[in-house]
Amino acid sequence: MLRGLAAECLSEVSNTAGPVEAKEELLDECESIWKQMEECHSKLMLLGTETLLPSDAKLSLLMLRWKALTVDFHQWQARNPEVISTNPDVLLELGKEELQKVKNDLEMVLSTVRSKNKQLEEELKREQQWYEEQKQMLETLNKMEEEANTEDEHPSTKRELNVLKNKVLKLKTFKKELLSALGEFLDEHFPPPEEGENIKKKNSSAEPVVELITLQEILEMLINTLMTTPHEPYITINESFWPPYIELLLRYGMALRHPEDPNRMRLQAYHK
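Some remarks on the sheet that holds strand β1 (residues 235–236)
One open sheet holds the three strands; their spatial order is β1-β3-β2, and the pairing between them is antiparallel. Every interior strand has two partners, whereas the edge strands, β1 and β2 (255–257), have only one. As paired elements, β2 and strand β3 (residues 264–267) share three bridges and run antiparallel to each other. Each bridged residue has a counterpart across the sheet, and for L256 the counterpart in β3 is R266.

A few points about the packing of aromatic side chains
Pairs of aromatic rings are described using the distance from one ring centre to the other and the angle between the two planes. Going through the model one piece at a time under the given rule, you end up with one aromatic pair. Above the face of the Y234 ring, R266 is positioned so that its terminal group lies 5.9 Å from the ring centre.

A short note on a nonpolar patch on the surface
Taken together, the side chains of L59, M63 and W66 make up a nonpolar region of the molecular surface, amounting to roughly 340 Å² of accessible area. Relative to the helices and strands, L59 is located in helix α3 (residues 57–78). Among the residues examined, L59 registers a relative accessible area of 52% and is labelled exposed.

A look at the pattern of salt bridges
Enumeration over the complete set of coordinates arrives at one salt bridge. With a shortest N-O distance of 2.4 Å, R264 and E232 are connected by a salt bridge. Here E232 lies in the loop between α7 (215–228) and β1 and R264 lies in strand β3, a separation of 32 residues in the sequence. Taking relative accessible area as the criterion, E232 reaches 37% and is therefore assigned partly exposed.

Quick notes on the side chain of S240
Following the sequence through the fold, S240 ends up in the loop between β1 and α8 (243–251). Separated by 2.4 Å, the side chains of S240 and N238 make a polar contact. Ignoring any residue separated from it by four or fewer positions in sequence, one finds S240 in contact with V210, E211, L212 and I213.

Looking at the pairing of β3
Summarising the sheet, β1 and β3 pair through two bridges and their orientation is antiparallel. Among the inter-strand pairings, T236 is bridged to a residue of β3, identified as R264. Taking the residues that link successive antiparallel strands as the turn, the β2-β3 hairpin has six residues.

Overview of the nonpolar core
In this structure, L215, I218, L222, F241, L249 and M265 are the most contacted members of the largest nonpolar core, which totals 17 residues. Secondary-structure elements contributing two or more residues to this core are α7, α8 and β3. When residues no more than four places from it in sequence are discounted, the contact partners of L215 are L186, F190, Y245, L248 and L249.

Cut-offs applied
- Residues numbered from 1 in each chain as written.
- Predicted model: local features only at pLDDT ≥ 70, side-chain atom pairs only at ≥ 80, totals over all residues.
- Heavy atoms only, no water.
- Pairing = 2+ DSSP bridges.
- Helix = DSSP H or I, 4+ residues; strand = E, 2+ residues; numbered from the N terminus.
- Phe/Tyr/Trp six-rings, centres within 6.5 Å; stacked < 30°, edge-to-face > 60°.
- Lys NZ or Arg CZ within 6 Å of the ring centre and 35° of its normal.
- Patch = residues over 30% accessible without salt bridge, like charges linked within 9 Å, V, L, I, M, F, W, Y side chains within 5 Å.
- Areas by Shrake-Rupley, 256 points an atom, 1.4 Å probe, with all protein chains shown as cover.
- Salt bridge = Lys/Arg side-chain N within 4 Å of Asp/Glu carboxyl O.
- Buried < 20%, exposed > 50% of the residue type's maximum accessible area, 1.4 Å probe, protein only.
- Polar contact = N/O pair within 3.5 Å; in protein donor to acceptor, adjacent residues only side chain to side chain.
- Contact = heavy atoms within 4.5 Å.
- Core = buried A, V, L, I, M, F, W, Y, C linked by side-chain atoms within 4.5 Å.

Right, dumping it as structure tokens:
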């Protein structure tokens, strides 16, 4: 193939009526290159005939690669740099092209590095979140272990719980006694509304009669509402509330009306 190419070059040179010296020089150069190729081919054939053990195959390949790189190094070291052109404009354009290539390569590297950094930041956030969760879990387990050890060290905890339960039962009993005493006091001094009040309401209106509740029931409603829902202690005043009882509670400061709704009232917070 190389000789055919040389022949074509010779024919072109002959067609252009060049000097004989140029033909001979080109032919000698082709012959020299062909000899070098034959030498390289023979060396490769000699290297390929060597038999290698499977365990040494990788090492041998690395050695061959090292030899090839060493040969290339010596060739490039012995080779004189070729001057492309002495024209400053040509050199300037070539330098711009090389700088543009370097710039593009660096931009690609920068984009890759930024993408990798972003991935690493996301992984770091996930790892930090996992670390915080594990840390909280460990703190909770340590706290539970300390509490368990404390209970083991102080066997009197059960006894204290029993004491608290007894106190709660005593308080409930005392509450019942207080409510019973309050009921007796109210029944004696504030008896339930007479039946005449219900008859009077029945005669004055065509609507069904509403049974009036006692003062004790009103107070119990106020107390229970205040204790169960302290954020909303108001109760709604309806027709079952006897007006004299409502006026009594409001006049002596035992109850307060809602500042915006006169049909609602609450117990005075004496415990605060």
